[in-house]
Amino acid sequence: MTFLGDIAHVLATADLWRLTLEAAALLLLPALGGVISERSGVVNIAMEGMMLTGAFFSVVADLAWHNPWAAALVGIIAGGLMALIHAVVSIRFRADQIVSGIAINIFAAGLTVFLVNRLYGLADVGHVGQANLLPYINVPLLDQIPFLGRVLFQQNVVVYAALILLVVVHLVLFRTRLGLRIRAVGEHPQAADTAGINVYVIRYGAVITSGLLSGLAGAFLAIGISNTFVPNMTDGRGYIALAAMIFGKWTPFGAFVACLIFGLGQAIYDNNSIIHVSQYLLSMLPYVLTLVVLAGVVGRSIPPAADGIPYAPENE
Amino acid sequence: MGSRPGPRLPRALRRVAGGFAVPLGSVIFAFIVGALLVAITGGDPLQAYSGLLCGGLGIACANGENSALQISTTIVYFTPLIMAGVAVALPFRAGLFNIGAEGQFLAGAVACTFIGVKFSNLPAPILLPMVLLGGMVGGAIWAGIPGVLKATVGAHEVVTTIMLNYVAQWLIRYLIVGGPLQLPHGFSVSSPIGAGARLPSFLPNDNSLVIFGLPAGVYRVHTGLLIAIAALAVFAILLWRTSLGYEIRAVGQSQRAARYAGISVPRTIIVTMLISGAFAGLAGAIQIAGVDHNLTDKYFNDTTGFDAIAVALLGLGSAVGILLASILFGALHAGGAVMQQDAGISSSLVQVLQALILFSIAANFLRVLRARFPSFGRRPSAPAPEAPAAALMTEAAKAPPEESPP
């Protein structure tokens, strides 16, 4: 078959699109977290580390308790705690948020391997049994729709959750008073402060939320898609989520579109036995596309005005 | 405080002491928290740290490790760190945060390997300068892209350099796993560079010659160290003794003021990034030419460029600081292996320590503690001089969002 014929063949399979949505959901969660955090004015390049932490602790909990729901919760909280460090360091101590983000990522990579070694010795972490993974759920009736049923309604429970969260985050950010406050704090914290908004509370909340979402993504990766923890298993996904956030111009649905594009790349990568594009060149795609967007080829991508600037009240 | 006569120490010495306080405090903080972490998880911090000390500096070795060999390993580790540290510190001075030293390092390694393999038959006097220059050009291109994007459309260099780090990582995987640079019949490894492209070691590769109880060939310390020291000197001279250095510092302090002074801000940004990338690329080239002689899967997980961020911050962007911080992180990396072997503590503790140092130096815990407890660490009546370099580094790191998009 010809090269284009191969591509057409693969694109016509429902499984490719099912995998695309799954990969997109995995990226969407930390990307939503990034949107919330940066909309409140705190630069967050630490989704990678928060995901990794969530992945590790969800596996530890699942191996101990044999309960994926409790394990996922542990992963979510672990991600949130990592975010709390970022929040304290960059909000309370007004540290450079980029340095703090890098530190989180290095910290998570080191800490998880260190703890693997302390808890499990130098051997493998061990595998979570099939019964204790976050389940794939077929939505009754809807999953019988040809093609679309397979793509949309035979997904992991976390994929459904991610799609719901997408809508929730969009509505909260753009349709509620809380969302207005978050955006005000990210655009002009002095004005928001004058208007009686507690800048610190909003920023702490936003950063921690980004950690919770990233932690859920980590749990999804470790005890949903996979069934164990391996060092550095996030493999740059947190950074792809960051790229998706920028690609999507700091909006939830924009980020989702980017996640779908990057997810399609991932799905094609997984189908590489059929399409003989170098998988490694394909893996560059998210990063190159984001560079192209940043270069202004596809319209400007402008961050919130106060993004990255620690807030210090003038009377302090 | 300048009017207040110093108690005993001359003012210059006090300033040096003040400059050391923040980094030293950060390192101590990291080691204390690291020790707690080891103790909480049932390990022996003393044993862990003595392993680090032995592996890093060849001191207090419990299991008969050869001190000279350990020190040699540390030197091999910190040689590229010096140049990569410069690659982060120089843009700091211009108010740019180069997170892309890793990608630039890899680009330099790729360029060096490519030239060293393609022209492997050339003699050393021609080929060696070619591979080193090639590495510098590779790194400069990798850093030039963010520089141009920043100067022309205002794209934030932090994001663009992160993206380019990953592009470089995948490029290496592409090149050596079934790609054009792969060693025929090899896997995840490139062909070796020609003999003329290799940096000579200080000691001859002659196993009949025994030095410090081991054959001379096992010590891998190479002449790249001299290049690294020279690079450090170039950095210091460039920054403080040339008009370009003045322009870089001016742009870093205030783009608006620099513009009024007739300095072209976009040009300075681009030139700064090109030079910075050349330093990082040189580090990558030296790692290939001096140590590995080919690209391997080791480079997939390389962290030199990320360590360089810690080096530049901990070294407060000064040449001496970068040297000292490089030695520290080189020693930590070399020590991690011995710690894992002797004390059974994962070498990833080193990463944890590194992260803690970064947190501490970024948050400047010392400053905040002092603000809250004025008596913290000194007599209340004598406010210590702010470490000027530290203040500048933090200012620079904030990347003043002054350039308004047209």
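Keep in mind the model is a prediction, meaning the values are calculated, not measured.

1. Section: the overall build of chain B
Link 1 in the chain: Scanning chain B from N- to C-terminus turns up 15 helices and 2 strands.
Link 2 in the chain: When the 406 residues of chain B are sorted by exposure, 52% land in the buried category.
Link 3 in the chain: In chain B, the proportion of contacts linking residues at least 24 apart, taken out of those at least 6 apart, comes to 76%.

2. Overview of the overall build of chain A
Link 1 in the chain: The helix and strand inventory of chain A stands at 14 helices and 2 strands.
Link 2 in the chain: For chain A, the C-alpha radius of gyration of 20 Å lies close to 20 Å, the compact-globule estimate for 316 residues.
Link 3 in the chain: The dimensions of chain A, computed from C-alpha atoms along their principal axes, are 70 × 50 × 40 Å.
Link 4 in the chain: Long-range pairs, those at least 24 residues apart, make up 77% of the contacts in chain A between residues at least 6 apart in sequence.

3. Thoughts on the interface of chain A and chain B
The parts lose accessible area when they come together, and the size of an interface is often stated as this lost area.
Link 1 in the chain: With 35 residues of chain A at the contact, the number on the chain B side is 38 residues.
Link 2 in the chain: At the level of secondary structure, the elements contributing two or more residues to the side of chain A that touches chain B comprise α5 (97-120), α11 (237-247), α13 (279-283) and α14 (285-294) of chain A.
Link 3 in the chain: Looking at which element gives the most residues to the side of chain A that touches chain B, the answer is α5(A), with 14 residues.

4. Observations concerning unusual backbone geometry
Residues and elements named next belong to chain A.
Link 1 in the chain: Positive phi is not limited to glycine here, since D235 has a value of about 50°.
Link 2 in the chain: Here D235 is to be found in the loop between α10 (199-225) and α11.
Link 3 in the chain: At K249, a position not held by glycine, the phi torsion is positive, near 55°.
Link 4 in the chain: Structurally, K249 is set in the loop between α11 and α12 (252-270).
Link 5 in the chain: The partly exposed category is assigned to K249, around which 17 C-beta atoms lie within 10 Å.

5. Examining helix α5 (residues 124-153) of chain B
Structural remark: α-helix, 3.6 residues per turn; residues separated by three or four positions point the same way.
Link 1 in the chain: Spanning 30 residues, α5(B) covers 42 Å between terminal C-alpha atoms, matching the ideal 44 Å at 1.5 Å per step.
Link 2 in the chain: Of the residues flanking the end of α5(B), it is G154(B), one or two places downstream, whose phi is positive at about 75°.

6. Examining helix α6 (residues 157-176) of chain B
Link 1 in the chain: Compared with the 28 Å implied by 1.5 Å per residue over 20 residues, the 28 Å span of α6(B) between its first and last C-alpha is a close match.
Link 2 in the chain: Buried residues dominate α6(B), accounting for 19 of its 20 residues.

7. Notes on the nonpolar core
Link 1 in the chain: Core analysis: the biggest nonpolar cluster contains 231 residues, and L27(A), L28(A), L32(A), A244(A), M83(B), V86(B) and L358(B) have the highest contact counts within it.
Link 2 in the chain: Contact partners of A244(A), with chain neighbours within four places excluded, come to L27(A), A31(A), A255(A), A258(A), C259(A) and F262(A).

8. Regarding the environment of G154(B)
Link 1 in the chain: Residue position: G154(B) is located in the loop between α5 and α6.
Link 2 in the chain: Counting along the chain gives 210 residues from G154(B) to N364(B), while the straight-line C-alpha distance between them is 29 Å.

9. Considering the confidence of the model for chain B
Residue and element names in this part refer to chain B.
Link 1 in the chain: Residues of chain B with pLDDT of at least 70 account for 85%, and the chain-wide mean is 85.
Link 2 in the chain: Low pLDDT (under 50) marks residues 1-6, which in the prediction has 4 contacts with non-local residues, meaning those over four places away or in another chain.
Link 3 in the chain: Considering only residues more than four positions removed or in separate chains, one finds that residues 375-406, a stretch of pLDDT under 50, has 48 contacts.
Link 4 in the chain: Scoring the predicted complex yields pTM 0.88 and, for the interface, ipTM 0.90.

10. As for the environment of V35(A)
Residues and elements named next belong to chain A.
Link 1 in the chain: Within the secondary structure, V35 sits in helix α2 (residues 14-39).
Link 2 in the chain: Through-space distance from the C-alpha of V35 to that of T251 is 6.4 Å; in sequence the pair is 216 residues apart.
Link 3 in the chain: Other than its neighbours up to four places away in sequence, V35 contacts V169, M245, W250, T251, P252 and A255.

11. Here we look at the packing of helix α7 (residues 157-175) of chain A against α12(A)
All names here are of chain A.
Link 1 in the chain: At a minimum axis distance of 9 Å, the contact between α7 and α12 shows a crossing angle of 150°. As the angle between them shows, α7 and α12 are arranged roughly antiparallel. Mapping the contact onto sequence places L166, V169, H170 and L173 in α7 and P252, F253 and F256 in α12.
Link 2 in the chain: Of the residues that constitute the contact of α7 with α12, the class distribution is 6 nonpolar, 1 polar and no charged.

12. Here we look at the packing of helix α4 (residues 101-118) of chain B against helix α10 (residues 265-292) of chain B
Residues and elements named next belong to chain B.
Link 1 in the chain: Viewed as axis vectors pointing N to C, α4 and α10 meet at an angle of 50°, and their least axial separation amounts to 7 Å. It follows that α4 is oblique to α10 by the angle criterion. Crossing angle aside, the handedness with which α4 passes α10 is right-handed. Contacts between α4 and α10 pair A101, Q104, F105, L106, A107, G108, A109, A111, C112, T113 and G116 from the former with G277, A280, G281, L282, A283, G284, A285, Q287, I288 and A289 from the latter.

Cut-offs and rules
Residues numbered from 1 in each chain as written. Chains lettered and ligands numbered in written order. Predicted model: local features only at pLDDT ≥ 70, side-chain atom pairs only at ≥ 80, totals over all residues. Helix = DSSP H or I, 4+ residues; strand = E, 2+ residues; numbered from the N terminus. Buried ≥ 20, exposed ≤ 12 C-beta atoms within 10 Å, placed from the backbone. Contact = placed C-beta atoms within 7 Å. Rg over C-alpha atoms; globule rule 2.2 N^0.38 Å. Expected span 1.5 Å × (residues − 1). Core = buried A, V, L, I, M, F, W, Y, C linked by C-beta atoms within 7 Å. pLDDT = per-residue confidence, 0-100. Axes fitted to C-alpha atoms, helices over the stretch in contact; angles between N-to-C directions. Parallel < 35°, antiparallel > 145°, perpendicular 65-115°, else oblique. Nonpolar A, V, L, I, M, F, W, Y, C, P; charged D, E, K, R; others polar. Left-handed = near helix turned anticlockwise from the far one by under 90°.

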